[in-house]
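# Chains, contacts and geometry: an overview
Okay, here's what each chain looks like letter by letter:
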Amino acid sequence: MAALPLVDDVAPFPDWAAAARGSLEFLHRVVGLDVWMLTHLEGDQQTVLDAHPRDEVLVGAVVPWDQSFCRKMVAGMGPRVATVTAAIPAYHGLLTEHTLGERVAAYVGVPLVTHDLQVFGSLCGVSARAQPRSLARHLPTVEMTARLLSTLLPADSPLLPAGR
């Protein structure tokens with residue numbers, strides 16, 4: 001009898017929400033930072049759809065888009081990687097409701113984009129501690145992860161992770 005191939009660890013995710021959750025876990029493990037989030041932009045509010053680790057962020061938390069690190073990044077006012085947010089004028093002094101009241105000292109964020117090139121939200125990681133400049137080497141991994149998640153977004157409806 002032939003042995004079955006060992007493919008469980010690379011089997012497709014059952015849906016977009018599971019792929020998003022797996023991506024957050026992967027980025028936390030590989031890139032680091034305190035917490036990774038997947039957010040959705042609706043009108044003038046940004047909502048956390050999922051996060052890893054979950055006990056670091058209130059899933060469902062909402063922040064005004066005009067007070068968001070991600071808005072500054074999407075608008076090109078701040079970089080996708082900020083190892084010391086206090087050194088970036090666009091990010092200096094911003095607070096976030098996402099991370100249970102802690103200041104964000106380092107930020108990595110990439111937009112999630114719908115098939116018609118509208119901003120769906122963002123894939124972002126934050127840390128309460130400044131990070132070394134070498135963090136920037138992970139940007140291509142985060143960008144590719146965001147692009148894959150954007151590709152998997154259905155054209156006809158926004159998705160929320162399972163279990164909400």
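Below: a short report on this structure. (Residues numbered from 1 in each chain as written. Predicted model: local features only at pLDDT ≥ 70, side-chain atom pairs only at ≥ 80, totals over all residues. Heavy atoms only, no water.)

### Thoughts on unusual backbone geometry
- In the segment running from histidine 52 into proline 53, the intervening peptide bond is cis, with an omega of -5°.
- Relative to the elements of secondary structure, proline 53 occurs in the loop between strand E2 (45-52) and strand E3 (62-64).
- If you check the backbone angles, leucine 117 has positive phi at about 65° while not being a glycine. (Helix = DSSP H or I, 4+ residues; strand = E, 2+ residues; numbered from the N terminus.)

### Some thoughts on helix H3 (residues 139-152)
- For H3, spanning 14 residues, the distance from its first C-alpha to its last is 20 Å, which sits close to the expected 20 Å at 1.5 Å a residue.
- Residues of H3 that are buried include every one of Leu139, Val142, Thr145, Ala146, Leu149 and Ser150, and no others. End-on view of H3: buried residues confined to an arc of 135°, all on one side of the axis.
- Looking at the packing, one finds that the buried side of H3 touches helix H1 (16-30), strand E1 (35-42), strand E4 (81-82), strand E5 (106-113) and strand E6 (119-127). (Expected span 1.5 Å × (residues − 1). Buried < 20%, exposed > 50% of the residue type's maximum accessible area, 1.4 Å probe, protein only. Arc of directions from axis to C-beta. Contact = heavy atoms within 4.5 Å.)

### So, the side chain of serine 122
- In this fold, serine 122 is placed in strand E6.
- Side chain to side chain, serine 122 and threonine 39 meet in a polar contact 2.8 Å long.
- For serine 122, the side chain forms a polar contact with the side chain of glutamine 46, separated by 3.2 Å.
- Sequence-distant contacts of serine 122, that is, excluding residues within four places in its chain, are made with Met37, Leu38, Thr39, Gln46, Cys70, Val110, Pro111 and Leu112. (Polar contact = N/O pair within 3.5 Å; in protein donor to acceptor, adjacent residues only side chain to side chain.)

### What about the pattern of salt bridges?
- Applying the stated criterion across every chain yields a total of four salt bridges.
- Aspartate 50 serves as the salt-bridge partner of arginine 21, at 3.4 Å between the closest nitrogen and oxygen. Placement of the pair is arginine 21 in helix H1 and aspartate 50 in strand E2, with a sequence separation of 29 residues.
- For aspartate 50, the salt bridge is made with arginine 54, and the minimal N-O distance between the two is 2.8 Å.
- When its relative accessible area of 1% is taken as the criterion, aspartate 50 is described as buried.
- It is possible to trace a salt-bridge network through shared partners that takes in Arg21, Asp50 and Arg54. (Salt bridge = Lys/Arg side-chain N within 4 Å of Asp/Glu carboxyl O.)

### Some words on the state of the cysteines
- Enumeration over the complete set of coordinates arrives at zero disulfides.
- Here cysteine 70 is not cross-linked by a disulfide; its sulfur's nearest cysteine counterpart is in cysteine 124, at 3.9 Å.
- Overall, cysteine 70 belongs to the buried group, its relative accessible area being 3%. (Disulfide = S-S within 2.5 Å.)

### As for the sheet that holds E1
- A sheet is described by the order of its strands in space; here six strands give the open sequence E3-E2-E1-E6-E5-E4, paired in antiparallel fashion. Both edges of this open sheet fall to E3 and E4, since each of them pairs with a single strand only.
- Judged from the six bridges that link them, E1 and E6 form a sheet pairing that is antiparallel. Each bridged residue has a counterpart across the sheet, and for methionine 37 the counterpart in E6 is cysteine 124.
- The sheet contacts of H1 involve E1, E2 and E6, and relative to E1 the element is tilted by about 140°.
- In the packing of H3 onto the sheet, the strands contacted are E1, E4, E5 and E6, and the crossing angle to E5 comes to about 30°. (Pairing = 2+ DSSP bridges. Axes fitted to C-alpha atoms, helices over the stretch in contact; angles between N-to-C directions.)

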